[in-house]
Amino acid sequence: MDEQMITSERPGADKKPDIMVIMSDQHGFLDTGFGDGRVDTPELQRIAGEGMLFERCYCNAPLCVPSRMSFLTGQLPSDLGIFNNDSSLPVDMPTIAHELGRLGYETVLVGRMHFKGDDQRHGFNRRVYGDITSQYWGTGGKARTDFGVYAGTTNRLHCTEAAGGGISPVMIYDEEVKNQAVEFLDQWEQEKRERPLFLLVGFYGPHFPFVCREELYRKYQSRFDREECERDRDIPGLSIYEEYTKDCEAGLMRDCRAAYCGLAEQVDGYAGLLYDRFRRCRSGKDHRFFYLSDHGEQLGRRRIFGKQTLYEHAVRVPFVAAGTGISPGVCREPVGLLDVSRTLLSAAGETEDLSGWHKGKAVDLKSPDLAGHWVLIQQMLEKNGEKFLAEAAIRDRYKVMRARGTWYVYDLETDREETQNLTEICPEKAEPLIREAVEAGCFLESSEIRNLILQEQKLCDRQKRLKAWGKAVRPEERAGVKIPPGALREPVR
């Protein structure tokens with residue numbers, strides 16, 4: 001890892017706030033204490049009480065790499081041509097790390113960001129700790145010998161093969177990310193550096209495998225029952241997601257949910273610890289703190305685990321902001337991760353018109369005004385070997401969706417399970433919403449969609465060749481983190 005600190009200073013840099021972002025992985029808003037009182041996330045609730053809670057924050061793509069690269073660049077997946085987890089961000093694509101560096105910031109990444117390929121910094125001056133997932137193609141999954149019994153369980157297809165109380169690679173990794181972040185902040189404080197700091201800390205939890213500390217697992221196992229899981233499992237789902245479903249016995253589904261909530265509580269504790277350490281680091285200096293996640297987790301609802309749908313549990317994420325100039329309160333209007341990254345730039349003092357490349361809207365953290373704002377979500381799916389694009393636009397209480405030429409409109413306030421398509425039961429309400437979303441440019445033209453699908457098919461063909469190379473060569477992953485022998489413990493249900 002590159003440990004070099006850039007020493008040049010920029011005039012006026014001391015007036016810029018230090019910024020810290022914690023990005024967890026696969027943490028849905030509805031599985032926090034804000035969304036479900038059975039889930040203990042006291043630290044996020046404490047931070048929200050001192051700052052601003054955004055109750056309806058959405059990722060712009062319900063999958064790790066597309067979501068994260070979208071957040072970093074201010075571009076939608078369709079702009080980037082990134083729709084799957086084996087895609088790489090071009091090295092000449094500017095990110096918020098590049099922009100904040102231009103504005104005088106020391107930009108530091110600790111932990112996870114899911115970069116694919118040789119460039120593992122994409123504008124960050126320094127990367128303190130690497131990633132747990134494979135840097136190259138064909139080197140992860142069942143091939144991970146350091147994952148032991150957990151090999152392959154970070155994949156949606158095998159995620160329910162490990163569940164219970166134990167010690168997983170996710171837990172080992174996140175503990176070290178926390179330690180490395182604290183160590184960095186200790187060093188930063190001791191050096192009394194004048195340059196403003198942008199620190200992004202990436203955790204892998206509460207991403208599966210569904211394993212947490214046994215005491216947390218037992219606690220949450222007692223808070224959920226099989227009957228509730230059976231009901232959630234049998235919620236009707238759209239046919240476009242048929243190939244993403246899997247059979248799961250209600251007891252196993254409950255146990256997966258229990259472990260997931262235990263992981264969420266663990267990440268919550270890390271967030272609170274780092275929030276307090278960050279504030280003490282430069283006492284008296286302006287600062288901003290943000291907690292968010294890249295997408296959610298469906299936990300067997302509609303027989304789907306993981307993300308990769310446009311349902312609320314997959315796309316709605318926690319977003320909490322606190323610090324200097326942030327007024328305590330709750331924002332209930334929809335906001336997207338693109339808006340969050342644009343807001344980071346605004347907090348850093350960016351005054352340039354970025355509308356030419358950044359698609360997000362800067363949010364006033366003293367008095368958010370998001371009335372009438374559309375949040376866009378895109379996801380490439382596949383059914384019967386055919387790829388297709390699913391799109392959603394969210395404004396106020398409504399979600400407008402389109403996939404394979406079919407429109408869906410849901411009232412998220414009255415239909416929380418998203419089973420009542422207003423285009424069928426109340427077209428007089430749905431049609432104006434569809435028209436407004438189309439006129440606002442929320443949905444792509446059919447020719448653009450065809451080109452994106454062709455591009456994705458070609459990209460997947462290239463990635464197959466790269467996977468064959470990776471399996472044969474086993475390239476050294478300099479930015480990768482390995483789990484030490486003897487650190488894991490098999491799960492117990």
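My aim in this report is to walk through the structure given alongside it, one point at a time.

Procedures and definitions
- Residues numbered from 1 in each chain as written.
- Predicted model: local features only at pLDDT ≥ 70, side-chain atom pairs only at ≥ 80, totals over all residues.
- Heavy atoms only, no water.
- Patch = residues over 30% accessible without salt bridge, like charges linked within 9 Å, V, L, I, M, F, W, Y side chains within 5 Å.
- Areas by Shrake-Rupley, 256 points an atom, 1.4 Å probe, with all protein chains shown as cover.
- Salt bridge = Lys/Arg side-chain N within 4 Å of Asp/Glu carboxyl O.
- Helix = DSSP H or I, 4+ residues; strand = E, 2+ residues; numbered from the N terminus.
- Buried < 20%, exposed > 50% of the residue type's maximum accessible area, 1.4 Å probe, protein only.
- Phe/Tyr/Trp six-rings, centres within 6.5 Å; stacked < 30°, edge-to-face > 60°.
- Lys NZ or Arg CZ within 6 Å of the ring centre and 35° of its normal.
- Pairing = 2+ DSSP bridges.
- Axes fitted to C-alpha atoms, helices over the stretch in contact; angles between N-to-C directions.
- 1 Å grid on protein atoms, 1.4 Å probe; cavity = no way out; pocket = protein on both sides within 12 Å on 5 of 7 lines; lining within 4 Å.
- Points joined across faces, edges and corners; volume = space filled by probe spheres on them.
- Nonpolar A, V, L, I, M, F, W, Y, C, P; charged D, E, K, R; others polar.

Looking now at a nonpolar patch on the surface. The grouping of L466, W469 and V473 at the surface amounts to a nonpolar patch, some 240 Å² of accessible area in total. Position of L466 relative to the elements: it lies in helix α13 (residues 446–473). What makes L466 partly exposed here is its relative accessible area of 33%.

Attention now goes to the packing of aromatic side chains. A complete count under the given rule lists 14 aromatic pairs for this structure. Aromatic pair F290 and F319: ring centres 6.0 Å apart, planes at 15 degrees, arrangement stacked. Of this pair, F290 sits in strand β8 (residues 287–293) while F319 sits in strand β9 (residues 316–323), placing them 29 residues apart in sequence. A single burial state applies to F290 and to F319, both of which are buried. An aromatic cluster is present here, built from F54, F290 and F319 joined pairwise through their rings. The lysine or arginine in question, R302, covers the ring of Y311, its NZ or CZ lying 3.7 Å from the ring centre.

Inspection of every chain in the model, using the stated rule, returns 52 salt bridges. For D234, the salt bridge goes to R303, with nearest N and O atoms at 2.8 Å. With D234 in the loop between α7 (226–233) and α8 (250–281) and R303 in the loop between β8 and α9 (312–315), this residue pair connects regions lying 69 residues apart in the sequence.

Time to look at the sheet that holds strand β12 (residues 375–383). Two modes of strand pairing occur in sheets, parallel and antiparallel, and in both the strands are linked by backbone hydrogen bonds. On the basis of which strands lie adjacent, the open sheet formed by 4 strands has the order β12-β13-β14-β15 and antiparallel pairing. The outermost strands of the open sheet, each flanked by one partner alone, are β12 and β15 (406–411). Strand after strand, the sheet turns through a mean of 20 degrees between neighbouring axes, direction not considered. Here strand β14 (residues 398–403) pairs with β15 via 6 bridges, running antiparallel. From the neighbouring strand, M401 faces β15, where its bridge partner is Y408.

This brings us to the sheet that holds strand β7 (residues 210–212). Sheet architecture is open: 3 strands sit in the order β7-β5-β16, paired in mixed fashion. Each having just a single partner strand, β7 and β16 (489–492) make up the two edges of the open sheet. Between one strand axis and the next, the sheet turns through 35 degrees on average, direction left out of account. Two strands pair when backbone bridges link them, and strand β5 (residues 163–167) and β16 are joined in this way by 2 bridges, in the antiparallel orientation. Note that in β16 the partner of I167 across the bridge is R489.

Following G205, the chain continues into P206 via a peptide bond in cis, with omega recorded as 0 degrees. Here F208 and P209 are connected by a cis peptide whose omega angle stands at 25 degrees. Along the chain, the position of P209 falls in the loop between β6 (197–202) and β7. The phi dihedral of K192 is positive, around 50 degrees, even though this residue is not glycine. Mapped onto the fold, K192 is located in the loop between α5 (169–191) and β6. Here the phi dihedral of R303 falls at roughly 65 degrees; this positive angle occurs in a residue that is not glycine.

Turning our attention to the layout of surface pockets. If you add up the space inside the largest pocket, you get close to 1500 Å³. Every residue lining the largest pocket is counted, 48 residues in all, and those nearest its centre are N84, N85, D86, N155 and K467. Listed by contribution, the elements that provide at least two residues to the lining of the largest pocket are β12 and α13. Split by residue class, the lining of the largest pocket holds 15 nonpolar, 18 polar and 15 charged. In this structure, the second largest pocket spans a volume of roughly 770 Å³.

The next point concerns empty space enclosed by the protein. If you walk through the whole model with that rule in mind, you get 2 cavities of 30 Å³ or more. Quantified by volume, the largest cavity comes out at close to 50 Å³. D18, W188, L197, F278, R279, C281, R282, K285 and H287 are the residues that line the largest cavity. The element contributing the most residues to the lining of the largest cavity is α8, with 3 residues. Taken together, the residues of the lining of the largest cavity break down into 4 nonpolar, 1 polar and 4 charged. By volume, the second largest cavity is sized at about 40 Å³. In terms of lining, the second largest cavity is formed by I235, R301, R302, E312, H313, R416, E417 and E418.

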